[in-house]
Amino acid sequence: MSTLSIYRGSEFLASGISHDLMRFVKKVSEAKSKAEERDHIHSELEYIKSRIGLPDVSSSKVKEYLIRLIHCHMMGYNVDFGLIYAIMITQSGESIADRRVGYLASTLFIENDNELAIMLTNTLQRDLQSAKFQDRCAALVAISNIRQQEIVKAVVDLVIINTDYQKETVRKKAYIALYWQLEIDPQLQDQLLPILEKGLVDKDPSVLGAVIGIWRNLIKKTPALYEEALPAIINHLRYILGGKLHKSFDYHGTSSPWVQMHCIEILEIVQSAGLGSTSEIAQIVMDTLRAAEKGVDASFAIIYQCVRVLSKIPSHYVSEFIEEGKEPFRAVQRFVAAQNHILKYLGLRCLSLMDDEFWNEEWRDGKVISEAIAISNGDETLVDEAMHLIERIATSEVIFNIQENCLIAMSSSALQGTPFHAKLCGWYAKQIEDHCTDTDWYLELMLQVIIESGRSLPEKYVDDYCARFGSGNVFSNQL
Amino acid sequence: MGINWLLLVSRQGKVRLTKWFITIPPKEKAKIVKDATQLVLARRVKMCNFLEYKDTKIVYRRYASLFFVAGINSNDNELITLEVVHRYVEILDRYFGNVCELDLIFNFHKAYFILDELLIAGELQESSKKSVLRVITQQDQFEEQEANEQKNS
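Model, not experiment: these values are computed from the prediction. (Residues numbered from 1 in each chain as written. Chains lettered and ligands numbered in written order. Predicted model: local features only at pLDDT ≥ 70, side-chain atom pairs only at ≥ 80, totals over all residues. Heavy atoms only, no water.)

The subject of this paragraph is the interface of chain B and chain A. Tallying the contact residues gives 65 residues for chain B and 75 residues for chain A. Contact between chain B and chain A buries roughly 6300 Å² in total, counting both sides, with carbon and sulfur atoms accounting for 58%. Connecting chain B to chain A are five salt bridges. With a shortest N-O distance of 2.6 Å, Lys173(A) and Glu117(B) are connected by a salt bridge. Broken down by element, the side of chain B that touches chain A gets its largest block of residues, 13 residues, from helix H5 (residues 129–152) of chain B. Partitioning the side of chain B that touches chain A into residue classes produces 26 nonpolar, 15 polar and 24 charged. (Contact = heavy atoms within 4.5 Å. Buried area = accessible area lost by both parts, 1.4 Å probe. Salt bridge = Lys/Arg side-chain N within 4 Å of Asp/Glu carboxyl O. Helix = DSSP H or I, 4+ residues; strand = E, 2+ residues; numbered from the N terminus. Nonpolar A, V, L, I, M, F, W, Y, C, P; charged D, E, K, R; others polar.)

Next comes the structure, spelled out in structure tokens:
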């Protein structure tokens, strides 16, 4: 693409970046080799190093240099010399844009035990009290990303104050910053937990959503903390399921799926730890599952998570749901039968979580599961799931049943000679060896596998096998 | 627990954005970027958007000429991660107006700001698209205002 056409292009014009920056980015993007890229970047770094510290350089120029340094850093090059300037610009940058880039560069360049980080403290303290909410936000995000012990002590009280700020975006970030501070300094627990509990009754659903995410992490570490939080969490989940949340939280027809997800994860943790009321948990998971069945995309993720929880509770709860006609696993049927790889994968994952007693009849003979192998076309992620499931239910009959689908995959000309093909052939041969108890079809099937495998099976294996074939002693080979 | 890292890479293997939510040495970061890029570029169209990588999982999706790749832990829900990535793309699309790779090349620092509004330290902080866009555009307007004031003064 010619430089001129880029200058005229709307993307460049809209970006507001300078010609120098654009030229640099373009040069680096179009480098034809790693060595060329390295040369461009090194010369750029030398150039910036010589200019950025000069006394007459403007704040916005420093901002631009920092953006270039971010680009170099992103490509994996060392830009340590730039950190001090990033920190300085957060303090003395003339415009909000300059200071914002300073914070961004600082958080990206700081390796978490960098001593220079302490120098940000004053700026953070100033910005946490700024009249402009944008400054507060920038500071809170930086605190969450940098996570240093000394900074924590210096700012924690100011962060706490921000959890009461009138703008919801500030409160939300303040709670998140507090969580990360708690992670670094667990001693703050007594001080911070009550504040985080307060977050659970915040009027704004955005804030509440973020706080629930925080509680998921807290409870994962210390399940016993669930007691104070659980009522509010279940309350909010019911609120979402009742369709009461504003439409802007919709994601492709599902209301606030990520928060639903966090709630279910919390229930899973609580249940696994043997805490909480199993029947209450089972009921609300069932309700969430029911609501999710109507949806797509993120709803699939929710269904998956619900199946995970249901598979962990004592099976008599699930049996009760089935007796009541609630069919907790009916969505799984749809997934297992799907042709789309992701949905099929999801179906198989659910099967692997579920207790055998809840499997449909049609899954037990292996044919439906092995369909995944037939349609896989080299998709190892999908096939691995199918293989694990087949191994779980393997009997002589099952191995016989799956032959058609396995042979379809093995005979695919596109896969011949690939490592995937070798893996599949070897796997099926082993299943036949391990499980077959019937000479009638054993010989014929093994022969077919060897033929379809082409050169994929080890030569020695094939030779040994043919030798045994000849000698009439067939049932005891090792792959 | 959340997302460990996010990588945007072009079909030619050029890195357009990397964001790390965990602390690991630079050499390890470079290895992950290299391995993930290789694995993802080798995938064919209909395949699952998930892979195993050492003892973690990779979730990816291709949008036009860019691959969005996320690293998560083995027992995390890969499907929801896919939707988080999609949400990010939707927001970028709304913000830039039919986003393309060039937009991200020239505005990678803005892509970072938007990412910070959606995820902090790997955890989703906001599930309302409108909310994220409102905050970002307000920020932009503010910065523009300030820049104009400076020019005039």
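All names here are of chain A. Take Ser370: it is sitting in helix H22 (residues 367–375). Considered as a pair, Ser370 and Ala386 are 16 residues apart in the sequence and their alpha carbons are 6.4 Å apart. With sequence-adjacent residues up to four places away left out, Ser370 is seen in contact with Ile390, Ile402 and Asn405. In this structure the side chain of Ser370 is engaged in a polar contact, spanning 2.8 Å, whose partner is the side chain of Asn405. (Polar contact = N/O pair within 3.5 Å; in protein donor to acceptor, adjacent residues only side chain to side chain.)

On to helix H14 (residues 226–241) of chain A. Residue and element names in this part refer to chain A. For H14, which comprises 16 residues, the first-to-last C-alpha distance of 21 Å matches the rise-based estimate of 22 Å (1.5 Å per residue) to within 8%. Those residues of H14 lying buried are Tyr226, Ala229, Leu230, Ile233, Ile234, His236, Leu237 and Ile240. Buried residues of H14, seen end-on, are gathered within an arc of 165° and therefore sit on one face of the element. Of the exposed residues in H14, those oriented more than 90 degrees away from the buried face are Glu228, Pro231 and Asn235. On its buried face, H14 sits against helix H13 (205–221), strand E2 (254–255), helix H15 (257–272) and helix H16 (278–292). Gly243, located one to two residues past H14, shows a positive phi value of around 70°. (Expected span 1.5 Å × (residues − 1). Buried < 20%, exposed > 50% of the residue type's maximum accessible area, 1.4 Å probe, protein only. Arc of directions from axis to C-beta.)

Before going further, it helps to spend a moment on the nonpolar core. If you look at the biggest cluster of nonpolar residues, it comprises 230 residues, and the most contacted ones within it are Trp215(A), Leu351(A), Tyr428(A), Phe68(B), Val69(B) and Tyr88(B). The biggest single contributor to this core is helix H2 (residues 78–96) of chain B, with eleven residues. When residues no more than four places from it in sequence are discounted, the contact partners of Tyr88(B) are Leu6(B), Leu17(B), Phe68(B), Ala111(B), Tyr112(B), Ile114(B), Leu115(B) and Leu118(B). (Core = buried A, V, L, I, M, F, W, Y, C linked by side-chain atoms within 4.5 Å.)

With that settled, the discussion passes to the pattern of salt bridges. What the rule picks out here adds up to 37 salt bridges over all chains. Close ionic contact of Glu44(A) with Arg68(A) constitutes a salt bridge, the shortest N to O distance being 2.5 Å. Of this pair, Glu44(A) sits in helix H4 (residues 34–52) while Arg68(A) sits in helix H5 (residues 59–74), placing them 24 residues apart in sequence. The class of Glu44(A) is buried, set by a relative accessible area of 8%. Across the pair Lys19(B) and Asp116(B) runs a salt bridge whose closest N-O atoms are separated by 3.4 Å. Linking Lys19(B) in strand E2 (residues 15–20) with Asp116(B) in helix H4 (residues 108–118), this pair joins segments that are 97 residues apart in sequence. Summarising the burial analysis for this pair, Lys19(B) and Asp116(B) share the class buried.

Time to look at the packing of helix H11 (residues 168–184) of chain A against helix H12 (residues 189–199) of chain A. Think of two packed helices as two axes; the pair is described by the angle between the axes and how far apart they sit. All names here are of chain A. The contact between H11 and H12 brings their axes to 10 Å, and the two run at 150°. Between H11 and H12, the angle is such that the two are roughly antiparallel. Here the hand of the crossing between H11 and H12 comes out left-handed. Where H11 abuts H12, its residues Tyr175, Leu178 and Leu182 lie against Gln189, Leu192, Ile195, Leu196, Lys198 and Gly199. Of the residues contributing to the contact of H11 with H12, the split by class is six nonpolar, two polar and one charged. (Axes fitted to C-alpha atoms, helices over the stretch in contact; angles between N-to-C directions. Parallel < 35°, antiparallel > 145°, perpendicular 65-115°, else oblique. Left-handed = near helix turned anticlockwise from the far one by under 90°.)

Function cannot be inferred from these measures alone, as they are strictly geometric.
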